Amino acid sequence: MNAAANSAANPPVALTIAGSDSGGGAGIQADLKTFAALGVFGASAVTALTAQNTAAVRGVHPTPAPFVLAQVEAVLDDLPVAAVKTGMLATAEIVRTVAGLAAAGRLPRLVVDPVMVSSSGHRLLEPDAERRYVEELLPHAQVLTPNLREAEVLLGRRIGTLAEQRAAAADLAALGPATVVVKGGHSVSDTPGEAVDVLWHRGAARELRSRRVEGGNNHGSGCSFASAIAALLARGRPVEAAVTEAKAYIWTAIRGAAGWSLGAGHGPLDHFGWASGPAPG
Ligand SMILES: Nc1ncnc2c1ncn2[C@@H]1O[C@H](COP(=O)(O)OP(=O)(O)OP(=O)(O)O)[C@@H](O)[C@H]1O
Ligand SMILES: Cc1ncc(CO)c(N)n1
């Protein structure tokens, strides 16, 4: 089969390389729902199993790195993957494996969401993998989407203001990614009431602002945001449009779930607009 050939009748294909969230709100499950919601066929390579729900991560069982590679190669050898998103990479060995694939030019339109800690506070990346992220993977990312805490870890300094969030985006771009979005879901102090992301693209910083949805159902917002960017890139959108449209998609998905009470912790998003459309069934 020729993996590069894609008939006009086929949907675009995106690949997520990420961890499984048994609770269904984040990770692979969020990624595949987002791809489907945005009209993209999703393939997946699972980097870890997590025993997780809306309240806590109870356990993590990483995939051996050679089997992550086997999954990615099985997909790439067969399907016309147009964009790739990475999420939880769990171990230094998996970071190295994915970075090797990226360095070999095998991961097109690569969106890297540098997942390190879950919103419930559980580590999702070995601490000794952080340096490898910076040195081996970031240079190959087309788009990097850290939240504020991840940007702090990658840069080794505190980010407390919007000005510092803007500076962080610029400094992360200097490490290799063409485009950086420093997400403000965990608000910086001078943007109350808003979720302000800073987009660094083509040498300039720009703020993407939305009203902050209250209610706390934002489990998987970061995974879904990065997947939406990858899906829109797979559909051929230019990078800046993909990021701004992903921001609008994620706002609608968070807003839709604001009245839900699924689980005792941070609930999942309304990926398919169920809250505003006719009730399923
Ligand atoms: N309460 C909210 N209201 C509106 N937008 C939000 C809210 N929370 C997050 N967002 C948006 O969702 C996207 C993901 O940002 P966030 O900072 O939550 O990522 P994250 O911390 O990686 O998510 P996760 O909880 O999956 O780890 C960003 O575009 C951010 O602005
Ligand atoms: C598997 C997985 N990936 C990413 C996150 C971050 O939201 C999570 N909680 N679980």
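Predicted, not measured: the structure shown is a model, and the values here were computed from it.

Here we look at the overall build of the protein
Here's step 1: Helices and strands together make up the secondary structure of the protein, namely eight helices and nine strands.
Here's step 2: On C-alpha atoms alone, the protein measures out to a radius of gyration of 17 Å, which is about the 19 Å that the 2.2 N^0.38 rule sets for 281 residues.
Here's step 3: Along the first, second and third principal axes, the C-alpha set of the protein runs to 50 × 50 × 40 Å.
Here's step 4: Going through the 281 residues of the protein one by one, you find that 51% of them count as buried.
Here's step 5: Pairs at least 24 residues apart make up 68% of the contacts formed inside the protein by residues separated by at least 6 positions.
Here's step 6: Element-wise, carbon and sulfur atoms account for 55% of the exposed surface of the protein, whose accessible area totals about 11,700 Å².
Here's step 7: If you average the places of the 23 positive and of the 24 negative side-chain charges in the protein, the two averages end up 4 Å apart.

Comments concerning the site of ligand 1
Here's step 1: Near ligand 1 you find 20 residues, and of these K183, H186, D197, V213 and K247 are the closest.
Here's step 2: Between ligand 1 and the protein, one listed contact pairs an oxygen atom with a side-chain N or O atom of K183 at 2.8 Å.
Here's step 3: In the model, an oxygen atom of ligand 1 is placed 3.0 Å from a nitrogen or oxygen of the G185 main chain.
Here's step 4: Starting from 630 Å² of accessible surface for ligand 1 in isolation, the protein chains cover 94%.
Here's step 5: Elements supplying a minimum of two residues to the shell around ligand 1: strand 8 (194–201), helix 7 (221–234) and helix 8 (239–256).
Here's step 6: Along the lines of polarity and charge, the residues of the shell around ligand 1 split into seven nonpolar, eight polar and five charged.

Remarks on the pattern of salt bridges
Here's step 1: Tallied over the full model, the rule gives 17 salt bridges.
Here's step 2: The salt bridge involving D77 is made with R106; its shortest N-O contact spans 3.3 Å. With D77 in the loop between helix 2 (65–76) and strand 4 (81–86) and R106 in the loop between helix 3 (92–103) and strand 5 (110–112), this residue pair connects regions lying 29 residues apart in the sequence.
Here's step 3: With a shortest N-O distance of 2.6 Å, E207 and R166 are connected by a salt bridge. Of the two residues, E207 sits in strand 9 (residues 204–211) while R166 sits in helix 6 (residues 162–173), which places them 41 residues apart along the sequence.
Here's step 4: In this structure R166 comes out as partly exposed when scored by relative accessible area, which is 30%.
Here's step 5: Put simply, E93, R96, R132 and E136 are held in one network by salt bridges that share partners.

Things to note about the UniProt feature "domain: Pyridoxamine kinase/Phosphomethylpyrimidine kinase" (unreviewed entry) in the protein
Here's step 1: UniProt tags residues 21–270 as "domain: Pyridoxamine kinase/Phosphomethylpyrimidine kinase" (unreviewed entry).
Here's step 2: Across residues 21–270 one finds 38% helix and 20% strand; the C-alpha atoms that close the span lie 16 Å apart.

Thoughts on helix 4 (residues 130–137)
Here's step 1: Along helix 4, the positions that sit buried rather than exposed are E130, R132, Y133 and L137. The arc enclosing the buried residues of helix 4, seen along the axis, measures out at 155 degrees, which places them on a common side.
Here's step 2: Those residues of helix 4 that are buried lie in contact with helix 3, strand 5 and helix 5 (148–155).

Brief notes about the pairing of strand 4
Here's step 1: Burial runs high along strand 4: six of the six residues are buried.
Here's step 2: Both strand 1 (residues 13–21) and strand 4 contribute to a ladder of five bridges, which runs parallel. Note on strand 4: the bridge partner recorded for I17 is T86.
Here's step 3: Pairing analysis gives three bridges linking strand 4 to strand 5, with the strands arranged parallel. Its bridge partner lying in strand 5, K85 is registered against V111.

Topic: the nonpolar core
Here's step 1: Ranked by size, the top nonpolar core spans 52 residues in total, and within it L15, I17, V72, L107 and L137 carry the most contacts.
Here's step 2: For this core, the element with the highest residue contribution is helix 3, accounting for seven residues.
Here's step 3: Residues A14, A82, L208 and A230 belong to the second largest nonpolar core, which totals 30 residues.

Here is what the cut-offs are and how they apply
- Here the residue numbering is sequential within each chain, running from 1 through the sequence in written order.
- Just so you know, chain letters begin at A and ligand numbers begin at 1, following the order they were written in.
- Local features in a predicted model are, by the rule used here, given only for residues with pLDDT of at least 70; side-chain atom pairs are given and counted only at 80 or more, and totals for whole chains, interfaces and linings are based on all residues.
- Hydrogens and waters are ignored; side-chain quantities use all the structure's heavy atoms.
- Each helix is a run of H or I in the DSSP string that is no shorter than four residues. Each strand is a run of E no shorter than two, and both are numbered from the N terminus.
- For this measure, only C-alpha atoms enter the radius of gyration; the expected value for a globule follows 2.2 Å times N^0.38, where N is the number of residues.
- Relative accessibility decides the category of a residue: with a 1.4 Å probe and only protein chains considered, values under 20% of the type maximum give buried, values over 50% give exposed, and everything between is partly exposed.
- A contact between two residues is defined here by any heavy atoms of the two lying within 4.5 Å.
- The accessible surface values rely on the Shrake-Rupley method and a 1.4 Å probe; as for residues, cover is taken only from the protein chains in view.
- Charge convention: Lys and Arg are scored as positive, Asp and Glu as negative, and His as well as the terminal groups of each chain are ignored.
- For charged residues, the charge sits on one atom: NZ in Lys, CZ in Arg, CG in Asp, CD in Glu.
- Nearness of a residue to a molecule or strand requires only that one of the residue's heavy atoms be within 4 Å of it.
- By the criterion applied in these results, polar contacts are pairs of N or O atoms within 3.5 Å in which, for protein atoms, one can donate a hydrogen and the other can accept it, and in which residues neighboring in sequence qualify only through two side-chain atoms.
- By the convention adopted, Pro, Cys, Tyr, Trp, Phe, Met, Ile, Leu, Val and Ala count as nonpolar, Lys, Arg, Asp and Glu as charged, and the other residues, Gly among them, as polar.
- Salt-bridge detection follows one rule: a side-chain nitrogen of Lys or Arg within 4 Å of a carboxyl oxygen of Asp or Glu.
- UniProt positions are given in the numbering used here, feature names are shortened, and annotations may be inferred rather than shown by experiment.
- Working definition: the arc comes from the directions between the helix axis and the C-beta atoms, pointing outward to the latter.
- Paired strands are those between which DSSP finds at least two bridges.
- Take the buried Ala, Val, Leu, Ile, Met, Phe, Trp, Tyr and Cys residues and link them wherever side-chain atoms come within 4.5 Å; each set so joined is a nonpolar core.

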